[in-house]
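Geometric and topological summary
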Amino acid sequence: MVSKPESENLFTDFAVDYERMINWPTRLQREAPFFRKVFADANAARVLDAACGTGHHAILFASWGLDVAAIDESEDMINKARQLAADDGRNVDFRTGGFNEAGIFTQEFDVVTCIGNSLPHIKSEADLKQAFLSFHQVLRPGGFLVIQQRNYQRMIAREEKFMPLNTRIEDGKEFLYLRMTELGDDLVTFNIVVLMKDETGNWSYRVESEKLRPWDAHDIETNLTATGFSINGIYGDYGFNSFDFQDSTDVVIVARKSQDHRR
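Our subject in this report is the structure included herewith.

1. Regarding the overall build of the chain
- If you tally the helices and strands in the chain, you get seven helices and eleven strands.
- In summary, the chain has a C-alpha radius of gyration of 18 Å against a globular reference of 18 Å for 263 residues, a match within 12%.
- When the 263 residues of the chain are sorted by exposure, 51% land in the buried category.
- Taking all contacts inside the chain whose residues are at least 6 apart in sequence as the whole, residues at least 24 apart take part in 67%.
- Working note: accessible area of the chain is about 12,400 Å², and carbon and sulfur atoms make up 45% of it.
- In the chain, the 29 positive side-chain charges and the 41 negative ones have mean positions that sit 3 Å from each other.

2. Some words on the sheet that holds strand 8 (residues 188–197)
- Ordered in space as 6-7-8-9, the four strands form an open sheet in which the pairing is antiparallel. Here the strands that pair on one side only, and so sit at the sheet edges, are strand 6 (166–170) and strand 9 (203–212). Within the sheet, the average angular offset between the axes of one strand and its neighbour, ignoring direction, is 20°.
- Sheet analysis places strand 7 (residues 173–182) next to strand 8, joined by nine bridges and oriented antiparallel. By the bridge assignment for strand 8, L178 is matched with V193.

3. What about the packing of aromatic side chains?
- Within this structure, the stated rule accounts for 13 aromatic pairs.
- Seen from their ring centres, F34 and Y238 are 5.1 Å apart, and the 65° between their planes marks the pair as edge-to-face. Here F34, found in helix 2 (residues 24–41), pairs with Y238, found in the loop between strand 10 (229–235) and strand 11 (250–257); they are 204 residues apart in sequence, far enough to count as distant.
- For the pair F39 and F61, a centre-to-centre distance of 4.8 Å together with 80° between the ring planes defines the contact as edge-to-face. Of this pair, F39 sits in helix 2 while F61 sits in helix 3 (residues 56–63), placing them 22 residues apart in sequence.
- By relative accessible area, F39 is classed as buried at 5%.
- On the basis of relative accessible area, F61 is assigned to the buried category, the value being 0%.
- Within the aromatic cluster, the residues linked to one another by ring pairs are F34, F35, F39, F61, W64, Y235, Y238 and F240.
- The ring of W215 is capped by R213, whose NZ or CZ atom sits 4.2 Å from the centre of that ring.

4. A few points about the pairing of strand 4 (residues 109–114)
- Counting buried positions over the six residues of strand 4 gives six, a clear majority of the element.
- Note: strand 1 (residues 46–50) against strand 4, four bridges, orientation parallel. For D49, the partnering residue across the bridge sits in strand 4 and is T113.
- Relative to strand 5 (residues 139–150), strand 4 runs parallel, the two sharing five bridges. Residue pairing across strands places V112 opposite L145, the latter belonging to strand 5.
- Taking the sense of rotation as the criterion, the β-α-β connection linking strand 4, helix 5 (residues 125–138) and strand 5 turns out right-handed.

5. A few points about the sheet that holds strand 3 (residues 92–96)
- Strand order across the open sheet formed by seven strands is 3-2-1-4-5-11-10, with mixed pairing between neighbours. Looking at strand neighbours, the two that pair on one side only are strand 3 and strand 10, the edges of this open sheet. The mean inter-strand angle of the sheet, taken between neighbouring strand axes irrespective of direction, is 15°.
- Strands in contact with helix 2 are strand 1, strand 4, strand 5, strand 10 and strand 11; relative to strand 5, the strand with the most contacts, it is inclined by about 160°.

6. A closer look at the packing of helix 2 against helix 3
- Running from amino to carboxyl end, helix 2 crosses helix 3 at an angle of 55°, the nearest separation of the two axes being 10 Å. One way to sum up the angle between helix 2 and helix 3 is to call them oblique. Viewed along their axes, helix 2 and helix 3 form a crossing whose handedness is right-handed. Across the interface between the two elements, W24, R27, L28, E31, A32, F35 and F39 from helix 2 touch H56, H57, L60 and F61 from helix 3.
- For the contact of helix 2 with helix 3, a count of residues per class yields seven nonpolar, two polar and two charged.

What counts, and where the lines are drawn
Residues numbered from 1 in each chain as written. Predicted model: local features only at pLDDT ≥ 70, side-chain atom pairs only at ≥ 80, totals over all residues. Heavy atoms only, no water. Helix = DSSP H or I, 4+ residues; strand = E, 2+ residues; numbered from the N terminus. Rg over C-alpha atoms; globule rule 2.2 N^0.38 Å. Buried < 20%, exposed > 50% of the residue type's maximum accessible area, 1.4 Å probe, protein only. Contact = heavy atoms within 4.5 Å. Areas by Shrake-Rupley, 256 points an atom, 1.4 Å probe, with all protein chains shown as cover. Lys, Arg positive; Asp, Glu negative; His and termini not counted. Charge placed at Lys NZ, Arg CZ, Asp CG, Glu CD. Pairing = 2+ DSSP bridges. Axes fitted to C-alpha atoms, helices over the stretch in contact; angles between N-to-C directions. Phe/Tyr/Trp six-rings, centres within 6.5 Å; stacked < 30°, edge-to-face > 60°. Lys NZ or Arg CZ within 6 Å of the ring centre and 35° of its normal. Right-handed = clockwise from strand over helix to strand, strands pointing away. Parallel < 35°, antiparallel > 145°, perpendicular 65-115°, else oblique. Left-handed = near helix turned anticlockwise from the far one by under 90°. Nonpolar A, V, L, I, M, F, W, Y, C, P; charged D, E, K, R; others polar.

Spelled out as structure tokens, the structure:
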């Protein structure tokens, strides 16, 4: 079992495996129409991707001609994101920082995104409010905030512990990524079992784990409205389908900074 210091999360030094684990072209193709519509509705020119990971969404947004910045607390992730952006010829302002450090950027944004089930890494309501205040600080009046995470209400009710197995073959090695969640009320434990078969056919494995807070849609909505946001829409996926706490796989929230709030 691999354990992390309390100041780190599971993905602090997970950038290489994070790249292997996700089929990025398929994922971005599926999600792109949602973000194009939200950005059009916001008349967006400048976007901040918070908890950006290895930067694929930020790079995609930059490819649409937007002025993009991105932040993640993992220096490993940010370094990989900078490399990928350079390889793609995209200019993205990547910086290292946590959820409550969006204020390191001095310009206002039209949209802030916090996606990829990032929010559950925040474990207390006080820290959740602080994150929303940080996003609020850097948004222009009327700017949009997009949040996406898994629907833990459904997961817990149905005892859905396992995600689909992801596989990758690279440089003569085979990688298997088994993701499973040990369910609980206050916190859940997210585990990634990484299995690798090397060039000689020998298998090895390791387990990465982290406690997550299973925020539900009501938790998020309540804390958004308490920090100066109004809710534009709550969806169950990136297809703008209505959210149903019993059936939806995701929680996708589009919120708006109140017009009368100023930085």
